[in-house]
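Examination of the molecular architecture
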Amino acid sequence: MTTNTRSARPVAVYTDADDSDITPGVKLLEAAGYTVRVLGTRDAAEIIAGARDAEVLLPGYASVTREIIEALPNLRVIALMSMGFDYVDIDAATERGVWVTNVPGAATEEVATHALAILLHAVRQLPFYLDSATPRDWNSRAAVAPARLSETTLGLVGLGKIGRELARLAGPLFGRVLGYDPLLPDTTEVRADLERLGVTRTDLDEVRRSSHVLSLHLPLTPETERMVDAEFIGQMPRGAVLVNVSRGALIDEPALAVALDAGQLSAAALDVLSEEPPSDGHPLVGRRDVVLTPHIAYFSARTEIEYVRIQAQNGASFAENGVPDSPVNRPAEHAVRALAAAERTPRS
């Protein structure tokens, strides 16, 4: 007599979802066969305790450390609700055969548009003029008049989807657009696309020395962390504007504050800081020469839906195909094989 034993449902665990309605994601995962649990914490010990049986881990803002990854024996996918993945130990995940996924392209339009908005806000000195639009200060003028955009150069450090979308939006406003990206292949298709966008591709030194407005569109890696330091800023044109909608830790923030105080830079336009929310006394908070928004560049009615959907769909696709839709790593082959063999063994 043959006995059919129904396998236990795999488990998907949300760590935290402070400002997102994850209900559609929960439903999508449940429809894919998962039991879904929501912990509501960023604490590592609580995540380990609450996700011990998780096959899919879905962080909001929680860091996923090596300690967490190694403590979850069933873990197969870490599905992020962001484009950036610097808060996950990718090496540890890869070594243990765990996929890490992000949400590529979900907010390209929003982030590029936001970069343009805060860029223009800074270049046109709106913090000063919004404050001076009173009967008493109506005729006040900033110490230095803003440049005409058509006589200035926009520099893009990073020519991925967002960098190129910003070039499309902002290019007609500037005299020229320079771009640098060591990871972008030099193919006929890429060259044609950059030509269509009006981007002259060059090296980092040229972009840094020639750009009156410099916008960062890079992932945070050991190589890019604090790459915009005192030396970097010192080689930019005096009075330039620095824009960052990527990751705060790309910039040495104390060095940026010093450069603003000295007039080496006239302004900064930032959507990100290395510490979020910032602590009291942060050197870039509350300044007239810094346009600062609270990591909101991605946000729109559309992305509220898409971030949740794409994050959950990565887990659902893994359940269906054994591979998620948008991985940022390639797990070690031996680990994937071992986990695949374990998967073929009936669950007890």
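Per an unreviewed UniProt entry, the protein goes by the name C-terminal binding protein and belongs to Leucobacter manosquensis. Recorded under Sequence similarities (unreviewed entry), the UniProt text for the protein is reproduced unchanged: "Belongs to the D-isomer specific 2-hydroxyacid dehydrogenase family."

Some remarks on unusual backbone geometry
Residue Pro 277 is reached from Glu 276 by a cis peptide bond, and omega for that bond is -5 degrees. Mapped onto the elements of the fold, Pro 277 is located in the loop between β11 (265–270) and β12 (290–292). Even without being glycine, Arg 226 reaches a positive phi, approximately 55 degrees. In this structure, Arg 226 sits in the loop between β9 (213–216) and α10 (230–234). Owing to a relative accessible area of 39%, Arg 226 belongs among the partly exposed residues under this scheme.

What about the UniProt feature "domain: D-isomer specific 2-hydroxyacid dehydrogenase NAD-binding" (unreviewed entry) in the protein?
Those places that UniProt annotates as "domain: D-isomer specific 2-hydroxyacid dehydrogenase NAD-binding" (unreviewed entry) correspond, in this numbering, to residues 117–297. Taken end to end, residues 117–297 is 30% helix and 17% strand, and its first and last C-alpha atoms sit 10 Å apart.

Remarks on the sheet that holds strand β2 (residues 35–38)
Across the sheet, which stays open at both edges, the 5 strands sit in the order β2-β1-β3-β4-β5 with parallel pairing between neighbours. Bordering the open sheet on either side are β2 and β5 (99–101), each of which pairs with just one other strand. When strand polarity is set aside, the average angle formed by the axes of neighbouring strands in this sheet is 20 degrees. Its contacts with the sheet place helix α1 (residues 23–31) against β1 (11–14), β2 and β3 (54–58), and it is angled at close to 170 degrees to β1. The strands touched by helix α12 (residues 301–321) within the sheet are β1, β3, β4 (77–79) and β5, with β3 carrying the most contacts at an inclination of about 160 degrees.

How each quantity is defined
Residues numbered from 1 in each chain as written. Predicted model: local features only at pLDDT ≥ 70, side-chain atom pairs only at ≥ 80, totals over all residues. Heavy atoms only, no water. UniProt positions renumbered as here; feature names shortened; annotations may be inferred. Helix = DSSP H or I, 4+ residues; strand = E, 2+ residues; numbered from the N terminus. Buried < 20%, exposed > 50% of the residue type's maximum accessible area, 1.4 Å probe, protein only. Pairing = 2+ DSSP bridges. Axes fitted to C-alpha atoms, helices over the stretch in contact; angles between N-to-C directions. Contact = heavy atoms within 4.5 Å.

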